[in-house]
Number of protein chains: 2
Amino acid sequence: MVSNSSKYAIKGVLFLALHSNEENKIAVKDISEPINVPQAYIAKLLQELSRENIISSTRGPKGGFYLSEENKNQPIINILKIIDGEKRLTSCMLSLEKCNEDKPCPLHKILSASRKEILKNFERKTINDLVFDMKKGNSFLPL
Amino acid sequence: MVSNSSKYAIKGVLFLALHSNEENKIAVKDISEPINVPQAYIAKLLQELSRENIISSTRGPKGGFYLSEENKNQPIINILKIIDGEKRLTSCMLSLEKCNEDKPCPLHKILSASRKEILKNFERKTINDLVFDMKKGNSFLPL
DNA sequence: TCTTAAATATGATTTTTATCATATTATAAT
DNA sequence: ATTATAATATGATAAAAATCATATTTAAGA
Ligand code: FES
Ligand code: FES
């Protein structure tokens, strides 16, 4: 449902949301360790997100990755769409292709309500929302 | 959340549930096409399920795979446990390891209710339940 | 303008997952 | 008993995902 890469990407973005801003960019070498993701791997993912304007970056000395306020107000799903692509989230649980409401597979009824709920949450929860939770001590960026 | 292999396995098992019984076994060559899974692939999966007594089989002429009544009364999760292993279903959405209620990751709150619901359904819905749905025309074994 | 520190682009390697192939073993029917 | 037909065990190959490596480009600061 969500790939390894997307998990890493979310961790990276949340770390940036928590510790960076326009004036305080973070280099990839300072991100990988705290979020426990190999440096070259998270680098590639962040580059991809930056290219698609999900996060921000500048090169050179004092450069690095960061989140603008606009970036922080995006829903989580934007990250998933870039890293995993649309269909990973909407594919049928049995046929691997699009989930079909009209001719549902045997698992559809069992799962679709929950799946929709998850989707909806990815669509409406923003990065800021999650940061708020963390700051309140309700959730934690894990090892 | 659930692998390709598990999806194939479920399709295979449901096909057997629908078309086989102790007196009418089905050879793997007659399964692969209708469920649209490569023959050698579904063969391997069914063999694995048979070894773990999730489904039944006999060799030789008139042999094949089938589901006993006992087999049909199992919950779907038994298939997933064999093919994917336990942790695939219970791993945290961010850290790849076990989901931790006490020190939840930022996605935990958003997802855990839905995930639990899905789990619960896999645990309580039996193969027979799904067959019943199909026979009533409420769901379909897809392409 | 030169040096340095960072992202970027690109691609190679490794690991995992998916797929294919086949020799061996068991069993039913002749 | 012999033959044919099926699963079983085992492992090989292919494709995809994860991981690693590096030369190039950009921008800041001396
Ligand atoms: S049709 Fe299979 S999950 Fe909707
Ligand atoms: S899903 Fe991450 S801790 Fe539960």
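Structure shown above.
One structure accompanies this document, and this report is about it. Since the model is a prediction, treat every value here as computed from it, not as a measurement.

## What to know about the overall build of chain A
So, step 1. The secondary structure content of chain A amounts to eight helices and two strands.
So, step 2. The helix and strand sequence of chain A, counted from the amino end, reads α-α-α-β-β-α-α-α-α-α.
So, step 3. When its C-alpha atoms are laid out on the principal axes, chain A stretches across 55 × 30 × 25 Å.
So, step 4. Sequence separation of at least 24 residues holds for 62% of the intrachain contacts in chain A that already meet a minimum separation of 6.
So, step 5. When the accessible surface of chain A is totalled, it reaches about 7,400 Å², and 47% of it is carbon and sulfur.
So, step 6. Charge centroids of chain A, computed over 22 positive and 17 negative side chains, lie 3 Å from each other.

## Some words on unusual backbone geometry
Residue and element names in this part refer to chain B.
So, step 1. Despite not being glycine, Asn36 shows a phi value in the positive range, around 65°.
So, step 2. Relative to the helices and strands, Asn36 resides in the loop between helix 2 (32-35) and helix 3 (39-51).
So, step 3. Residue classification places Asn36 among the partly exposed residues on the basis of a relative accessible area of 48%.

## Brief notes about the protein's contact with DNA strand D
So, step 1. The full set close to DNA strand D counts 27 residues, and Asn4 and Tyr41 of chain A together with Lys44, Gln47 and Ser57 of chain B are the nearest of them.
So, step 2. Near-protein atoms of DNA strand D (within 4 Å) split between backbone and bases, with sugar and phosphate holding 62%.
So, step 3. Of all the elements in the fold, those that place two or more residues in the surface near DNA strand D are helix 1 (4-19) and helix 3 (39-51) of chain A together with helix 3, strand 1 (56-58) and strand 2 (64-66) of chain B.
So, step 4. Counting residues per element, the surface near DNA strand D draws most heavily on helix 3 of chain B, at four residues.
So, step 5. Split into classes, the residues belonging to the surface near DNA strand D amount to 10 nonpolar, 10 polar and seven charged.

## Focus: the protein's contact with DNA strand C
So, step 1. Close to DNA strand C lie 27 residues; Lys44 and Gln47 of chain A together with Asn4, Tyr41 and Pro61 of chain B are nearest.
So, step 2. Looking at DNA strand C alone, sugar and phosphate atoms form 62% of those within 4 Å of the protein.
So, step 3. A distance of 2.8 Å separates a phosphate oxygen of DNA strand C from a polar atom in the side chain of Ser57 of chain A.
So, step 4. One of the backbone nitrogen or oxygen atoms of Gly60 of chain A is found 3.2 Å away from a sugar or linking oxygen of DNA strand C.
So, step 5. Going through the elements one at a time, helix 3, strand 1 (56-58) and strand 2 (64-66) of chain A together with helix 1 (4-19) and helix 3 of chain B are the ones with two or more residues in the surface near DNA strand C.
So, step 6. Considering every element that reaches the surface near DNA strand C, the biggest residue donor is helix 3 of chain A, with four residues.
So, step 7. Across the surface near DNA strand C, the residue classes break down as 10 nonpolar, 10 polar and seven charged.

## A word on the layout of surface pockets
So, step 1. Each pocket or cavity is described by its volume, and for the largest pocket that value is around 530 Å³.
So, step 2. Taken together, the elements giving at least two residues each to the lining of the largest pocket come down to helix 1 and helix 6 (87-90) of chain A together with helix 1 and helix 6 (87-90) of chain B.

## What about the interface of chain B and chain A?
So, step 1. At the junction of the two partners, chain B supplies 37 residues and chain A supplies 37 residues.
So, step 2. Here chain B meets chain A over a buried area of about 3,300 Å², counting both sides, of which 73% is carbon and sulfur.
So, step 3. Our count for the chain B to chain A interface comes out at zero salt bridges.
So, step 4. At the boundary of chain B with chain A, the tally comes to six residue pairs in polar contact (both at pLDDT 80 or more).
So, step 5. Among the elements of the structure, helix 1, helix 7 (108-124) and helix 8 (127-135) of chain B are those that each provide at least two residues to the side of chain B that touches chain A.

## As for the relation of the copies chain B and chain A
So, step 1. Laying chain B over chain A is done by rotating through 180° and shifting 0.0 Å along the axis; what remains is an RMSD of 0.0 Å. Overall, the copies show the geometry of a two-fold rotation axis.
So, step 2. The residues that chain B uses at the interface reappear at the interface of chain A in 100% of cases, marking a shared surface.

Parameters at a glance
- Residues numbered from 1 in each chain as written.
- Chains lettered and ligands numbered in written order.
- Predicted model: local features only at pLDDT ≥ 70, side-chain atom pairs only at ≥ 80, totals over all residues.
- Heavy atoms only, no water.
- Helix = DSSP H or I, 4+ residues; strand = E, 2+ residues; numbered from the N terminus.
- Contact = heavy atoms within 4.5 Å.
- Areas by Shrake-Rupley, 256 points an atom, 1.4 Å probe, with all protein chains shown as cover.
- Lys, Arg positive; Asp, Glu negative; His and termini not counted.
- Charge placed at Lys NZ, Arg CZ, Asp CG, Glu CD.
- Buried < 20%, exposed > 50% of the residue type's maximum accessible area, 1.4 Å probe, protein only.
- Near = heavy atom within 4 Å.
- Nonpolar A, V, L, I, M, F, W, Y, C, P; charged D, E, K, R; others polar.
- Polar contact = N/O pair within 3.5 Å; in protein donor to acceptor, adjacent residues only side chain to side chain.
- 1 Å grid on protein atoms, 1.4 Å probe; cavity = no way out; pocket = protein on both sides within 12 Å on 5 of 7 lines; lining within 4 Å.
- Points joined across faces, edges and corners; volume = space filled by probe spheres on them.
- Buried area = accessible area lost by both parts, 1.4 Å probe.
- Salt bridge = Lys/Arg side-chain N within 4 Å of Asp/Glu carboxyl O.
- Least-squares fit on C-alpha atoms with pLDDT ≥ 70 in both.

Read these as geometric descriptors, not functional statements.
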